[in-house]
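Examining the three-dimensional arrangement
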Amino acid sequence: MDQIVSFSAPRTQAKPPRTIVVLGATGSIGRSTAEILCGAPGAFTVAAVAGGRDALALAAMAKRLGASFAALDDPKGYAALKEALAGTGIEAAAGPEAVIEAALRPSDLVMGAIAGTAGVRPTFAALEAGRTIALANKECLVCAGPAFMRQAIRSGTRLLPVDSEHNAIFQALGDSDPATIEMMTLTASGGPFRTWTREQIAAATPEQALAHPNWAMGPKVTVDSAGLMNKGLEVIEAHYLFGIEPARLDVLVHAQSIVHGLVAFTDGSVTAGLAAPDMKVPIAHCLGYPERMKTAARRLDLASVGQLTFERPDFERFPALRVALDALNTGRGLPTVMNAANEIAVEAFLRKLISFHDIARIVEEACEAALADGTAREPDSIEDALALNHLVRERTRSSFGTLDGASLLTN
Ligand code: MG
């Protein structure tokens, strides 16, 4: 009889290290990735690291991880990077092409953790080259989902979701038959404004929006989380990543951030992914996949959590979620439009040019305008998606011209 489960299968001898490329090495996910890599000496070799503008932080990360190659997106940082790496034997390069070169260095896994649309081209290059990708960049799917997923299928590439909700759903899915999936649910912590009134949220300051109760993340995603826009972006990602229709995707507000994602099946069974709210858990899952690593990530102690609560999202208080779900349902390139307008609106909010609720209003107006004048149509390629993204960003930015002369275009 076949053995179904064995808890005592003999361990094979030490395996050769896995070769990793870390794109976005100096950001929040990149730093957590480095902690996991450093906590598993001998298990990984780092072929390349890439960062945005901070040459010294990238050099420090390259040295810490023993990387062979360090690529900085900003060409102006080349001299500082080269000087900081002098004598280490680590190759230095700068400019967007250097980041793509980093993505293409031979590896077993590419951690795609560059924030924003800057991450689309390098991650796509790795995808075209057939690399396994741990995907932490949202824009690959939200801005360019159809083209990105078509290429993933063409390349036969495995996409491992790093985001906690998608990673939980990926784990909860196991090897189930897609036809048996009735519903996928992503949870949202509700952010710092979960219990606030609509009026209080409308008057929220950037400082208040950046005070997330459960997760430590970069400023863009933290502001997105405060308005539940982040959950809308994640539902769009789940639609493309798992190939599931929008009507089968659901959002639940779950303040404790313990249950990250659930899958309901046609027989009434529900499986869920649980973990302490620590990004190192899904990162380690991706780095070790299909095996499991041993890490020092936070452990879940349900008895000390005590209660898990769930509630439906309130679209009145969190209109950004409705705007994002409407964009997904309408399709025709609106996820790309919505994402681009949101990036500019969030930046305007952080610069105190607009109120918190103006973010959702500006995004909705951008979607309406793009539908009305025909600029909204599903992008066929990455280049189409980035062109539409650029057009909408410019348009949205120009609408702030009368408010302030400062440039809002930072990436
Ligand atoms: Mg998330």
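Residues numbered from 1 in each chain as written. Predicted model: local features only at pLDDT ≥ 70, side-chain atom pairs only at ≥ 80, totals over all residues. Heavy atoms only, no water.

**Some details on unusual backbone geometry**
- Of note, the amide linkage connecting Tyr289 to Pro290 takes the cis form, showing an omega dihedral of 5°.
- Along the chain, Pro290 falls in the loop between helix H13 (280-288) and helix H14 (302-305).
- Here Ser257, not a glycine, exhibits a phi torsion of approximately 50°, which is positive.
- The backbone phi angle of Lys352 is positive, close to 60°, even though this residue is not glycine.
- Tracing the chain through its elements places Lys352 in the loop between helix H16 (334-350) and helix H17 (356-372). (Helix = DSSP H or I, 4+ residues; strand = E, 2+ residues; numbered from the N terminus.)

**Describing the coordination of the magnesium ion**
- Coordination of the magnesium ion by the protein comes from Asp163 (OD), Glu165 (OE) and Glu234 (OE), over a distance range of 2.1 to 2.3 Å.
- Along the chain, the residues donating to the magnesium ion are arranged with the sequence spacing D-x1-E-x68-E. (Donors = N, O, S within 2.8 Å, 3.2 Å for Na, K, Ca; no water.)

**Topic: the packing of aromatic side chains**
- For the structure on display, the rule yields five aromatic pairs.
- Between Phe124 and Phe148 the ring centres are 6.3 Å apart and the planes differ by 50°, which places this aromatic pair in the tilted class. With Phe124 in helix H5 (residues 120-128) and Phe148 in helix H7 (residues 145-155), this pair connects stretches of sequence that are 24 residues apart. Like Phe148, Phe124 is buried.
- When the centroid spacing of 5.2 Å and the interplanar angle of 75° are considered together, the rings of Phe349 and Phe356 count as edge-to-face.
- Here the guanidinium or amino end of Arg105 rests over the ring plane of Phe69, the centre of that ring lying 4.1 Å away. (Phe/Tyr/Trp six-rings, centres within 6.5 Å; stacked < 30°, edge-to-face > 60°. Buried < 20%, exposed > 50% of the residue type's maximum accessible area, 1.4 Å probe, protein only. Lys NZ or Arg CZ within 6 Å of the ring centre and 35° of its normal.)

**Quick notes on the sheet that holds strand E9 (residues 249-253)**
- If you walk across this open sheet you meet the four strands as E9-E8-E10-E11, and the pairing is mixed. At either end of the open sheet lies a strand with only one pairing partner, and these are E9 and strand E11 (270-274). The mean inter-strand angle of the sheet, taken between neighbouring strand axes irrespective of direction, is 20°.
- In terms of strand pairing, strand E8 (residues 181-188) meets E9 through five bridges, oriented parallel. Within the sheet, the bridge partner assigned to Thr187 lies in E9 and is Leu252.
- Against the sheet, helix H8 (residues 164-173) contacts E8, strand E10 (259-265) and E11, and its axis sits at roughly 40° relative to E10. (Pairing = 2+ DSSP bridges. Axes fitted to C-alpha atoms, helices over the stretch in contact; angles between N-to-C directions. Contact = heavy atoms within 4.5 Å.)

**What about a nonpolar patch on the surface?**
- Residues Leu274, Leu300, Leu302, Leu308 and Phe310 make up a contiguous nonpolar surface patch of roughly 390 Å² in combined accessible area.
- Residue placement: Leu274 occurs in strand E11.
- Since its relative accessible area comes to 40%, Leu274 is described here as partly exposed. (Patch = residues over 30% accessible without salt bridge, like charges linked within 9 Å, V, L, I, M, F, W, Y side chains within 5 Å. Areas by Shrake-Rupley, 256 points an atom, 1.4 Å probe, with all protein chains shown as cover. Salt bridge = Lys/Arg side-chain N within 4 Å of Asp/Glu carboxyl O.)

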